[in-house]
Amino acid sequence: MSDTPPVLTQGLQLDERQRAMLAEMGVRLWWPEADVSPDALTDTLTEAVPPPAAAPVARPPVAAPAAAPVVRPAPAAAPARPLPPVVAAPSSLSHLDWAALQDSMKACTACALSQGRSHVVPGVGDTDRPDWLVVGEAPGEQEDRQGEPFVGAAGQLLDKMLFAMGLARGERVFITNVIKCRPPHNRNPEPAEVAQCSPFLQRQIELLQPRIVLAVGRFAAQSVLALAGVDEATRAQPLGKLRGQVFRLPTAQGTVPVVVSYHPAYLLRSPAEKGKAWADLCLAMAQLERSA
Ligand code: URA
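Residues numbered from 1 in each chain as written. Predicted model: local features only at pLDDT ≥ 70, side-chain atom pairs only at ≥ 80, totals over all residues. Heavy atoms only, no water.

### A closer look at the pairing of strand β5 (residues 247-251)
Going by this rule: Note on classification: 1.4 Å probe, protein chains only; a residue is buried when its accessible area is under 20% of the maximum for its type, exposed when over 50%, partly exposed between these limits. In DSSP terms, a helix is any run of H or I states spanning at least four residues, a strand is any run of E spanning at least two, and both are numbered starting from the N terminus. A pair of strands is treated as paired once DSSP finds two or more bridges between them.
Burial of β5 is one-sided: the residues Phe 247, Leu 249 and Thr 251 facing one way are buried, the residues Arg 248 and Pro 250 facing the other way are not. As defined by bridge partners, β5 adjoins strand β6 (residues 254-261) across 5 bridges and the pair is classed as antiparallel. Each residue of the ladder has a partner; that of Arg 248, found in β6, is Pro 257. Taking the residues between adjacent antiparallel strands as the criterion, β5 and β6 are bridged by 2 residues.

### Brief notes about the sheet that holds β5
With respect to topology, 6 strands assemble into an open sheet ordered β1-β3-β2-β4-β6-β5, the strand pairing being mixed. With one partner strand each, in any of the chains shown, β1 (124-125) and β5 form the two edges of the open sheet. Note that strand β4 (residues 212-216) and β6 share 4 bridges and pair parallel. The partner of Leu 214 across the bridge, within β6, is Val 259.

### Describing the packing of aromatic side chains
Our working definition: Stacked, edge-to-face and tilted are the three classes for Phe, Tyr and Trp ring pairs, Trp counted by its six-membered ring, which pair at centre distances within 6.5 Å; planes under 30 degrees apart are stacked, over 60 edge-to-face, the rest tilted.
What the rule picks out here adds up to 2 aromatic pairs. Aromatic pair Trp 98 and Phe 174: ring centres 5.4 Å apart, planes at 90°, arrangement edge-to-face. Highlighted residues: Trp 98 in helix α5 (residues 98-107) and Phe 174 in strand β3 (residues 173-177), separated in sequence by 76 residues.

### Considerations on helix α9 (residues 191-208)
Because an α-helix packs 3.6 residues into every turn, residues spaced three or four apart end up facing the same way. Rule in force here: Expected span, for any helix, means 1.5 Å times one less than how many residues it has. We define the bend at each residue as the angle formed by axes fitted to the 7 residues ending at it and the 7 residues starting at it.
Helix length check: α9, at 18 residues, gives a terminal C-alpha distance of 25 Å against a target of 26 Å (1.5 Å per residue), a fit within 8%. The axis of α9 is deflected most strongly, by about 35°, at Cys 197, and proline Pro 199 appears within four residues downstream. Among the 18 residues in α9, 13 count as buried, and that is most of the element. Looking one or two residues beyond α9, the residue adopting positive phi is Gln 209, at roughly 50°.

### Points about the site of the ligand
To be explicit about the condition: For this description, a residue counts as near a given molecule or strand if any of its non-hydrogen atoms is within 4 Å of it. Polar contacts, as used here, are pairs of N or O atoms within 3.5 Å; protein pairs need one atom able to donate a hydrogen and one able to accept it. Residues neighboring in sequence count only if both atoms are side-chain atoms. We get accessible surface area from the Shrake-Rupley algorithm with a probe of 1.4 Å; when it comes to residues, only the shown protein chains can shield them. Here the term charged refers only to Asp, Glu, Lys and Arg, the term nonpolar to Ala, Val, Leu, Ile, Met, Phe, Trp, Tyr, Cys and Pro, and the term polar to all other amino acids, Gly among them.
By nearness alone, every residue bordering the ligand is listed as Gly 136, Glu 137, Ala 138, Glu 143, Pro 149, Phe 150, Asn 177 and His 263. Contact between the ligand and Phe 150: an oxygen atom at 2.9 Å from a main-chain N or O atom of the residue. Contact distances for the ligand include 2.7 Å between a nitrogen atom and a side-chain N or O atom of Asn 177. Taken by itself the ligand offers 240 Å² of open surface, and the protein chains cover 90% of this. Across the shell around the ligand, the residue classes tally to 3 nonpolar, 3 polar and 2 charged.

### Observations concerning the packing of α5 against α9
To keep things clear, this is the line we draw: Axes here mean lines fitted to C-alpha atoms, for a helix over just the part in contact, with angles spanning 0 to 180 degrees between N-to-C directions. Orientation labels follow simple angle bins: below 35 degrees gives roughly parallel, above 145 gives roughly antiparallel, 65 to 115 gives roughly perpendicular, and whatever is left gives oblique. Rotating anticlockwise by less than a right angle from the far helix to the near helix defines a left-handed crossing, while the corresponding clockwise rotation defines a right-handed one. For this analysis, residues touch if any pair of their heavy atoms sits within 4.5 Å.
Two elements in contact, α5 and α9, have axes whose closest approach is 11 Å; the angle formed by their N-to-C orientations is 165°. Taken together, the axes of α5 and α9 lie roughly antiparallel to each other. Judged by the sense of rotation from one axis to the other, the crossing of α5 with α9 is left-handed. Counted together, Trp 98, Leu 101, Ser 104 and Met 105 of α5 and Phe 200, Arg 203, Gln 204, Leu 207 and Leu 208 of α9 form the full contact between these two elements. Along the lines of polarity and charge, the residues of the contact of α5 with α9 split into 6 nonpolar, 2 polar and 1 charged.

### Some thoughts on the state of the cysteines
Rules: Criterion for a disulfide: a pair of cysteine sulfur atoms at a distance within 2.5 Å.
Overall, the coordinates contain 0 disulfides when judged by the stated rule. Free of any disulfide, Cys 181 has its nearest cysteine sulfur in Cys 197, 6.2 Å distant. Of the residues examined, Cys 197 reaches a relative accessible area of 11% and is grouped as buried.

### Considerations on helix α14 (residues 274-290)
Look at α14: 24 Å from first C-alpha to last across 17 residues, which is about the 24 Å you get at 1.5 Å a residue. Of all 17 residues that make up α14, 14 are buried, and the element is covered over most of its length.

### What about the packing of α9 against helix α10 (residues 218-227)?
At a closest axis distance of 11 Å, the pairing of α9 and α10 adopts a crossing angle of 70°. By the criterion of interaxial angle, the relationship of α9 to α10 is roughly perpendicular. Like other packed secondary-structure pairs, α9 and α10 cross with a definite hand, here right-handed. Contacts from Val 194, Ser 198, Leu 201, Gln 202 and Ile 205 in α9 reach Phe 219, Ser 223, Val 224 and Leu 227 in α10.

### Overview of the pattern of salt bridges
Note the threshold: One speaks of a salt bridge when a side-chain nitrogen belonging to Lys or Arg is within 4 Å of a carboxyl oxygen belonging to Asp or Glu.
Inspection of the entire model under this criterion finds 9 salt bridges. Among the ionic pairs, Arg 169 bridges to Asp 159, the shortest N-O distance being 3.0 Å. With Arg 169 in the loop between α8 (153-164) and β3 and Asp 159 in helix α8, this pair connects stretches of sequence that are 10 residues apart. Using a relative accessible area of 30% as the deciding quantity, one classes Asp 159 as partly exposed. Across the pair Glu 206 and Arg 203 runs a salt bridge whose closest N-O atoms are separated by 2.8 Å.

### Overview of unusual backbone geometry
Backbone geometry at Arg 129 places phi at a positive 45°, although glycine is not the residue there. For Gln 209, which is not glycine, the phi torsion reads 50° and is therefore positive. Tracing the backbone shows Gln 209 in the loop between α9 and β4.

This is the structure:
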């Protein structure tokens, strides 16, 4: 996938498979003190990877950013397109346990997406208080066919990203989407569809109690940040402005950190952004370490 020079891994305790996985993602690692060429310093991927600042973490070791990120103040810019509304879980969901919630999603006919689906795609993975909750946009064709999120090409890249983080589908991570049914022709979900479906995601978060939420792609970022009560002007910012910081999602059990990053499908189209995505994952891993 990448024809870039060899990865520099000095000081970062990644095993061979994780290094291979990062190389497969197209991510090279770089340290300021390393003897690298000026050309390498201008590479987007290397610029995006933070240098190691602390002792390596238990699983897997990653470089922590030097300072805790802060939420930037909202800009004055008007939103470019309609944003998902802020929704609260309706009382009809708040009493549901996991099994009942699954049943409720599978039986849902609240919007027209239910008419075209082959399968509802509630999510997959570790349901026992996973460390990670990864939130994407909506099922695509293959996900609709199989009833599992992220099983297509973007899903394969997501699996590589998880692997590079020392995770695997189903181990300490739950993967879901904002929208549980496939929009026709993979169009963007409508605000009304988000409003109908977001309470499912909100109840999933309450029941899963993940230690961190990773929202991939602008749509998922906007939706999760809406659940977090982030103001509309902030949510309207491009993903490039939303990434690189930690938001807070209040739940009944406490506050869950939220990091947003690029969608794997976007990374497949724009591989030069993979380094930034890896930096986001490092930020999230460091955040998780801090809260351990
Ligand atoms: N893209 C998503 O956002 N979710 C999926 O499940 C598959 C592709």
